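Chain and residue survey
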Amino acid sequence: MDFVDVTQHQVLQLIIAGAFGAVIGSFISLITYRLPRGQKVGWVRSQCTDCRGALNFRDLLPIFSWAWWRGKCRMCRVPISKRYPLIEIACAIGAVAITFVYGFTLEALAIVGLWWCIVAIVVTDLEHYIILDEVQIATALFGVLYVYTHEIYWLQPAMAACAGVAVGLALKYGFLYFTNKDGLGMGDVKFLGVAGIWLSDAWNFVPFLFFSGILGIATGLMWRWLHKSERFPFGPALALALLLCVLVPAAPNGFWKLYGVLS
């Protein structure tokens, strides 16, 4: 799709994608706050985390409410964390960008869903060192949709998922055996299995793990600089490496070509 070729119909699609993305972002900001703390999501009414005042429609409009009330609670005027509008904006921009490239298709829905799940993974791993099982399941389901749109035989992603879990367990317990330290959490191991669905080919795990390692090194150095801690969340590196492999299929192929040249 070229900018000059964008029609009114396509603009409307992008607006819908952005609005829906912002709403999903609001939901993600909710679950990434509540679930790690053991709080219910369900039909529990949202409230200010400081004054505990119940929030109404005016307070819950994604992005706009935060901007309208100047980043403060309407009732107690205590500043509201920027995490909420940032998550909503990230989800909206991702939905618009992916829809612009892939159109209003099932494939686009699958990839947008992956992006939303990655946002949730990055947030919870950075804040709590965990990847929520609920988000893992959602990522897997979007992966199944992605496989369906590409008409891939189901046995390929199933085998790749098993390979991902096996690799994850080997890395986790191998690192623990040789260093007496935890290298991967079980959330990371589960995500490697979920990633297998998306990669749909066990051979793609080699470049995927390579990219994850590069991103992990960058994350670790930044984390150590900011928090003065050797322990850092590896989930964001895994999630972004998977996104790279999905959005840029040439990246895994380029890795193998480079490997062939160097070897």
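Residues numbered from 1 in each chain as written. Predicted model: local features only at pLDDT ≥ 70, side-chain atom pairs only at ≥ 80, totals over all residues. Heavy atoms only, no water.

Moving on, we get to unusual backbone geometry. Of note in the backbone geometry, Arg77 takes a positive phi value of approximately 65° without being a glycine. Within the secondary structure, Arg77 is located in the loop between helix H2 (64–68) and helix H3 (83–102). Assessed through its relative accessible area of 37%, Arg77 is described here as partly exposed. At Glu151, a residue that is not glycine, the phi angle is positive and equals roughly 50°. (Helix = DSSP H or I, 4+ residues; strand = E, 2+ residues; numbered from the N terminus. Buried < 20%, exposed > 50% of the residue type's maximum accessible area, 1.4 Å probe, protein only.)

Turning to the pattern of salt bridges, a few remarks are in order. Counted under the stated rule, the structure contains 2 salt bridges. Taking the shortest distance from any N to any O, the salt bridge between Glu127 and Arg83 comes out at 3.0 Å. Of this pair, Glu127 sits in helix H4 (residues 106–128) while Arg83 sits in helix H3, placing them 44 residues apart in sequence. In this structure, Asp133 and Lys190 form a salt bridge, with 2.9 Å as the shortest nitrogen-oxygen distance. With Asp133 in helix H5 (residues 133–149) and Lys190 in helix H7 (residues 186–199), the pair connects residues that are 57 residues apart, well separated along the chain. The exposure class of Asp133 is partly exposed, given its relative accessible area of 39%. (Salt bridge = Lys/Arg side-chain N within 4 Å of Asp/Glu carboxyl O.)

With that settled, the discussion passes to the nonpolar core. Membership of the largest hydrophobic core comes to 45 residues, with the highest contact counts inside it found for Phe191, Phe208 and Leu242. Mapped onto this core, the elements with two or more residues apiece are helix H1 (8–34), H3, H4, H5, H7, helix H8 (205–227), helix H9 (235–247) and helix H10 (250–262). For this core, the element with the highest residue contribution is H4, accounting for 12 residues. (Core = buried A, V, L, I, M, F, W, Y, C linked by side-chain atoms within 4.5 Å.)

Turning our eyes to something else, we now look at the packing of aromatic side chains. Scanning the model with the defined rule gives 11 aromatic pairs in all. Relative to Phe255, the ring of Phe211 has its centre 6.5 Å away and its plane inclined at 75°; by these criteria the two rings are edge-to-face. Taken together, the residues span a long stretch of sequence, with Phe211 in helix H8 and Phe255 in helix H10 at a distance of 44 residues. You can call Phe211 buried: its relative accessible area is 15%. Here Phe255 falls in the buried class, since its relative accessible area comes to 14%. Through a chain of ring-to-ring contacts, three or more aromatic side chains come together here, namely Trp203, Phe210, Phe211, Phe255 and Trp256. (Phe/Tyr/Trp six-rings, centres within 6.5 Å; stacked < 30°, edge-to-face > 60°.)

As a further point, take the packing of helix H6 (residues 155–179) against H7. Put simply, H6 and H7 touch, their axes get as near as 6 Å, and they point 155° apart. By the angle between their axes, H6 is roughly antiparallel relative to H7. Crossing hand, H6 versus H7: right-handed. Each of Pro157, Ala160, Ala161, Gly164, Val165, Gly168, Leu169 and Lys172 in H6 lies in contact with H7, whose residues at this interface are Met186, Val189, Leu192, Gly193, Gly196 and Ile197. When grouped by side-chain class, the residues that make up the contact of H6 with H7 number 9 nonpolar, 4 polar and 1 charged. (Axes fitted to C-alpha atoms, helices over the stretch in contact; angles between N-to-C directions. Parallel < 35°, antiparallel > 145°, perpendicular 65-115°, else oblique. Left-handed = near helix turned anticlockwise from the far one by under 90°. Contact = heavy atoms within 4.5 Å. Nonpolar A, V, L, I, M, F, W, Y, C, P; charged D, E, K, R; others polar.)

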